[in-house]
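Per-entry structural report
These are the residues of each chain, in order.
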Amino acid sequence: MPYYVEYTIKQTAGIRSAVDGASLGEALVSAGAALAEAGARSAVIRFSAVASSEFGSGSVLARYSQTAGWSDGG
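This one's a predicted model, so the numbers in the text were calculated from it and none came from an experiment. (Residues numbered from 1 in each chain as written. Predicted model: local features only at pLDDT ≥ 70, side-chain atom pairs only at ≥ 80, totals over all residues. Heavy atoms only, no water.)

**Some details on the overall build of the chain**
- Each helix and strand counted, the chain has one helix and five strands in total.
- Each helix (α) and strand (β) of the chain, taken in turn from the N terminus, gives the series β-β-α-β-β-β.
- A compact globule built from 74 residues would reach a C-alpha radius of gyration of about 11 Å, and the chain, at 11 Å, matches this within 12%.
- Its C-alpha atoms put the chain at 30 × 25 × 25 Å along the principal axes.
- Buried residues in the chain amount to 30% of all 74 residues.
- Of the accessible surface of the chain, which amounts to about 4500 Å², a share of 53% is contributed by carbon and sulfur atoms. (Helix = DSSP H or I, 4+ residues; strand = E, 2+ residues; numbered from the N terminus. Rg over C-alpha atoms; globule rule 2.2 N^0.38 Å. Buried < 20%, exposed > 50% of the residue type's maximum accessible area, 1.4 Å probe, protein only. Areas by Shrake-Rupley, 256 points an atom, 1.4 Å probe, with all protein chains shown as cover.)

**A few points about the side chain of Ser48**
- Note that Ser48 resides in the loop between strand 3 (42-47) and strand 4 (59-65).
- Assessed through its relative accessible area of 9%, Ser48 is described here as buried.
- Within polar-contact distance, the side chain of Ser48 engages the backbone oxygen of Val50 at 2.7 Å.
- Every residue in contact with Ser48, bar those within four places of it in the chain, is listed here: Pro2, Tyr4, Arg16 and Gly58. (Polar contact = N/O pair within 3.5 Å; in protein donor to acceptor, adjacent residues only side chain to side chain. Contact = heavy atoms within 4.5 Å.)

Take a look at the structure:
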């Protein structure tokens, strides 16, 4: 499934990366490791039925904050 993680580093670089995972749960695990390594403070997981490199495209399924971890995207 085409899951994407989007995050910003130091408020200057917007990053959108495809995330491996057959389910949302798997995508969250993969994205969480990448976010920790990058030191991201916040992020979203998006789903898009078609491959896209456009930042902000797709439905938000989950939100991440460094202090609270993952929460529902709503």
